[in-house]
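What follows is each chain in one-letter form.
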Amino acid sequence: GACACGSCHVYVDPAWLDQLPPPSGEELDQLDRIYESENNSRLSCQILMRPELDGLTVTLAPGSEPD
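Just so we're clear, the structure is a prediction, and the values are computed from it rather than from any experiment.

Cut-off values and rules
- Per chain, residues are indexed from 1 in the order of the written sequence.
- Only residues with pLDDT of at least 70 are given local features in this predicted model, and only at 80 or more are side-chain atom pairs given and counted; all residues enter the totals for whole chains, interfaces and linings.
- Water and hydrogen atoms play no part in the side-chain values, which are based on all heavy atoms of the structure.
- Should DSSP find at least two bridges between two strands, the strands are taken to pair.
- Only DSSP runs of H or I reaching four residues or more are called helices, and only runs of E reaching two or more are called strands; each is numbered from the N terminus.
- For every element, the axis is a line fit to its C-alpha atoms; helices are fit only across the contacting stretch, and the angle between N-to-C directions ranges from 0 to 180 degrees.
- Relative accessibility decides the category of a residue: with a 1.4 Å probe and only protein chains considered, values under 20% of the type maximum give buried, values over 50% give exposed, and everything between is partly exposed.
- Salt bridges are counted wherever a side-chain nitrogen of Lys or Arg sits within 4 Å of a carboxyl oxygen of Asp or Glu.
- The arc in question is the one traced by the directions running from the helix axis out to the C-beta atoms.
- In this text, buried Ala, Val, Leu, Ile, Met, Phe, Trp, Tyr and Cys residues form a nonpolar core when linked through side-chain atoms within 4.5 Å.
- Any two residues having at least one pair of non-hydrogen atoms within 4.5 Å are treated as being in contact.

It is worth spelling out the sheet that holds strand β3 (residues 58-60) at this point. Taken in spatial order, the three strands line up as β2-β1-β3 in an open sheet, and their pairing is antiparallel. Edge positions in the open sheet fall to β2 (41-43) and β3, since each of these has one partner strand only. Here the strands of the sheet are splayed against their neighbours by 40° on average, with no regard to which way each runs. By the bridge criterion, three bridges tie strand β1 (residues 9-12) to β2 in an arrangement that is antiparallel.

In structure tokens:
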């Protein structure tokens, strides 16, 4: 949750993008360093869950999958 490594990189389903707060400058800096970052990329550690996000759909980005 420290926004320090990028290992929690996910792609947020486009239908959910408008329901998330915009990424912080720190998160954007980390995303700039990540392989295969896209317009819908987020660091999942920076998404604060709340009831309105129940059902949020994300896809693990390359390098984020468990071994």
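Alright, that's what it looks like, and here's the rest.
This part takes up unusual backbone geometry. A positive phi is found at Glu 36, a non-glycine position, where the angle reads about 60°. Residue classification places Glu 36 among the partly exposed residues on the basis of a relative accessible area of 34%.

One pass over the structure, following the stated rule, counts two salt bridges. Among the salt bridges present, the one from Glu 27 reaches Arg 42, with a minimum N-O distance of 2.8 Å. Here Glu 27 is found in helix α1 (residues 25-32), whereas its partner Arg 42 is found in strand β2, with 15 residues between them in sequence. You can call Arg 42 buried: its relative accessible area is 6%. Glu 52 is the partner of Arg 50 in a salt bridge, and the nearest nitrogen-oxygen pair spans 3.2 Å. A relative accessible area of 33% means that Arg 50 is categorised as partly exposed.

So, about α1. All buried positions along α1 are accounted for by Glu 27, Gln 30 and Leu 31. Relative to the axis of α1, the buried residues are bounded by an arc of 100° and lie together on one face.

Once that is clear, we can look at the nonpolar core. Within the largest apolar cluster, six residues are counted, these being Val 12, Trp 16, Leu 20, Ile 47, Leu 53 and Leu 56. Each residue touching Ile 47, except ones within four places of it in the same chain, is listed here: Val 12, Leu 20, Arg 42, Leu 53 and Leu 56. Within the second largest apolar cluster, five residues are counted, among which are Cys 3, Cys 8, Leu 31 and Leu 43.

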